[in-house]
Structures are given as C-alpha cells and as structure tokens.
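Structural characterization, general
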Amino acid sequence: MLRELTGLNAIITGGSKGIGKSIAIALAQEGVNVAIASRSLDLLEETANELKQYNVKVFYKDTNIAHQQDVQKFIEDSYHALGSIDIVINNAGIMKNNPFLDVSESEFDQLFETNVKGIYYVLQESLPYLVKQNSGDVINIASMSGLKANANSSIYAATKYAVIGMTEGIMQEMRKHNIRVSYLTPSAVLTDLIGETPLEEDTMTHPEDVADVVIAQLKLQPRTFMKTAQIWATNPTPKQ
Ligand SMILES: NC(=O)C1=CN([C@@H]2O[C@H](COP(=O)(O)OP(=O)(O)OC[C@H]3O[C@@H](n4cnc5c(N)ncnc54)[C@H](O)[C@@H]3O)[C@@H](O)[C@H]2O)C=CC1
Ligand SMILES: CC(=O)C(C)=O
C-alpha cells in the first residue's frame, strides 16, 4: 500500500520554474509543506503564490546554490519555517552546449559549481537533520546525459556523471539511517533549459511527468525505494 505524504516538509532547489516548480506543485497537492530556492526572487514569489492555494506552508528564498553561505541560510531558514526537513529535492541545474574545445575554464567551473558542488552544499547542510530524525528522502535530478554523453555537452554530461557517482556513495552511507537517496535520469524535458526543440511538444516528456515519478517514489513504503529511474518520452516525434 502507498503511504500518505500529508504534513511532510520538503525543500526543492530550482523550485521557481521548470521541473522544480512542477515537483513543488505536485508535493503541495499532496499536502506537503514546501521551501523553494532559486536565483530569481520574482519567479519565486510568483510560484509561492501559486503554491499557497493548496493550503500548505510555503517558504522561499533567493539562493545561489553555488554559494555555500546562501545554501546554509536557505536550509536553516527552511528548517525553522517548516519545523523539520523530510524531503530534499536537488533539482537546480544549468546546461551549456559547446564543443569541448570551445569550453572556457569559467564555463567549466560554473557548471560544476552549480550542478555538483551545489548538491554537495545542500546535502552537507540538510542531511544532518534527516540523520537526527532517522528518516527522510533525497532525490537528485541527474540526467540521461549522466549515463551517456553526447557531442557538444561533454562538461554538462561530466557534471551529471558526477551527480550519479556522488548519489550512489551517499545512498550507501544513508541507508542505515533509514534515509532513501535516489536519482532520476530524465531524457529531454519540455522546459526553458533545452530551449527551442525540433520535437512536437506533445510527444515530449513534460515537467509534470517527472513530478509524477517523484511522487510515486516518495509514496512507496519507507522500507523500500526505487534507487533510480530513467524517464524517456515514449514516441518523441519531429515537428512537421
Ligand atoms: N529539461 C531537460 O531536458 C532536463 C533537465 N534535467 C535537469 O533537471 C534540472 C531542472 O532543469 P529544468 O527544469 O529543465 O531547467 P530550468 O532552466 O527550467 O529551471 C532550472 C531551475 O534551477 C534554478 N537554478 C539554476 N542555477 C541555480 C543556482 N546556481 N542556484 C539556484 N538555483 C538555480 C533556476 O533558477 C530554475 O529555477 C536540472 O538539474 C537539469 O540538468 C535533466 C534531464 C533533462
Ligand atoms: C537536458 C538533458 O539533461 C538531457 C537532454 O538529457
């Protein structure tokens, strides 16, 4: 039997748009209180207002997850606003598409600081709360690019391979604390991150579909978890 999520508390990075926003809405619809972080205060406010219609506690803070002090403040303030942290969704991420020989060192650093070090900061700050309560869930949004790299996205892919490796290791350490640590590897999802797409939008995976997988994972009885899931569009079709 699936469990109820009502009354749990979740933090979601990159919760102001795209996949993160869809996850925040899906959680709020299940009665989960949510704290969202992203770099854009305007978008956060807009999303927070949408979330409040579900009668859950909503906290938001403009945060750059690549900055340790920002993350410390976000996690601490979320804990105080919500009362506990039960679910951590590491979703915020950036992508740059460039042939490898055109990738500058600053682009390399920016990708790793956001996509990898950001998760390190968030989990360094939040996992102690989960360990103390001896329960909880962490879901890291990796990518199919973390399983198979393609031309022109070598460094993005490298960050996602790193996310998967880091997640596997943390998962093994956290199981004994009854904390489920998993990662998702979506293929192309219809969001701003991928921009213009040659595919019919209806035939692509939508952010709400990724949110459905997150909810399904969280609703499993705490004794069991789905370690990872590859999320593919069934029949992605080129635009006519
Ligand atoms: N859209 C896609 O096709 C796929 C996306 N993903 C991953 O899903 C995650 C979410 O992506 P989308 O929703 O598509 O992107 P998006 O561009 O629509 O949203 C990204 C969110 O992350 C936030 N963010 C980015 N850098 C940040 C930083 N330094 N600090 C705080 N917040 C930051 C943005 O403000 C925004 O809220 C990313 O990790 C991405 O790599 C994985 C597979 C496929
Ligand atoms: C954007 C991304 O992570 C893809 C297409 O795998």
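As shown above, the structure is provided for reference.
Below is a short write-up of the structure. Just so it is clear, the structure is predicted and the values come from calculations on it, not from any experiment.

Of all hydrophobic cores here, the largest spans 32 residues; its most connected members are Ile23, Leu27, Leu51, Ile87 and Leu184. With 7 residues, helix H1 (residues 18-29) is the single largest residue contributor to this core. When neighbours within four sequence positions are excluded, Leu51 is seen to be in contact with Ala24, Ile25, Ala28, Val34, Ile36, Val56 and Val58. In terms of nonpolar packing, the next biggest core, distinct from the first, is built from 28 residues, Ile11, Val71, Ala92 and Val122 among them.

What follows deals with the site of ligand 1. Around ligand 1, the structure places 28 residues, and the nearest of them are Ile19, Asn91, Tyr156, Val189 and Thr191. For ligand 1, whose accessible area on its own is 830 Å², the fraction buried by protein is 96%. Of all the cavities here, the one that holds ligand 1 is the largest pocket. Breaking the shell around ligand 1 down by element, the ones donating at least two residues are H1 and helix H5 (154-174). Residue classes in the shell around ligand 1 are distributed as 12 nonpolar, 12 polar and 4 charged.

Another point: the layout of surface pockets. Take a probe with the size of a water molecule and roll it over the atoms, and the empty space left behind shows itself. Reported here for the largest pocket is a volume of approximately 1,100 Å³. As for the largest pocket, its lining consists of 43 residues, of which Gly93, Ile94, Tyr156, Thr191 and Leu193 are closest to the centre. Listed by contribution, the elements that provide at least two residues to the lining of the largest pocket are H1, strand E2 (33-38), helix H4 (105-133) and H5. At 3 residues, H1 tops the list of elements feeding residues into the lining of the largest pocket. When grouped by side-chain class, the residues that make up the lining of the largest pocket number 19 nonpolar, 19 polar and 5 charged. Counted as a void, the second largest pocket has a volume near 170 Å³. Forming the boundary of the second largest pocket are Lys17, Gly18, Lys21, Ser22, Ile25, Ala26, Gln29, Pro207, Glu208, Ala211 and Asp212.

So, about the site of ligand 2. Looking at ligand 2, the residues that line it are Met95, Ser143, Ser145, Tyr156, Pro186, Ala188, Leu193 and Ile194. A distance of 2.7 Å is found between an oxygen atom of ligand 2 and a side-chain nitrogen or oxygen belonging to Tyr156. More than half of the atoms of ligand 2 fall within 2 Å of the grid points belonging to the largest pocket.

Cut-offs applied
- Residues numbered from 1 in each chain as written.
- Chains lettered and ligands numbered in written order.
- Predicted model: local features only at pLDDT ≥ 70, side-chain atom pairs only at ≥ 80, totals over all residues.
- Heavy atoms only, no water.
- Core = buried A, V, L, I, M, F, W, Y, C linked by side-chain atoms within 4.5 Å.
- Buried < 20%, exposed > 50% of the residue type's maximum accessible area, 1.4 Å probe, protein only.
- Helix = DSSP H or I, 4+ residues; strand = E, 2+ residues; numbered from the N terminus.
- Contact = heavy atoms within 4.5 Å.
- Near = heavy atom within 4 Å.
- Areas by Shrake-Rupley, 256 points an atom, 1.4 Å probe, with all protein chains shown as cover.
- 1 Å grid on protein atoms, 1.4 Å probe; cavity = no way out; pocket = protein on both sides within 12 Å on 5 of 7 lines; lining within 4 Å.
- Sits in = over half its atoms within 2 Å of the grid points.
- Nonpolar A, V, L, I, M, F, W, Y, C, P; charged D, E, K, R; others polar.
- Points joined across faces, edges and corners; volume = space filled by probe spheres on them.
- Polar contact = N/O pair within 3.5 Å; in protein donor to acceptor, adjacent residues only side chain to side chain.

Interpretation note: all reported values are geometric properties and have no functional meaning in isolation.
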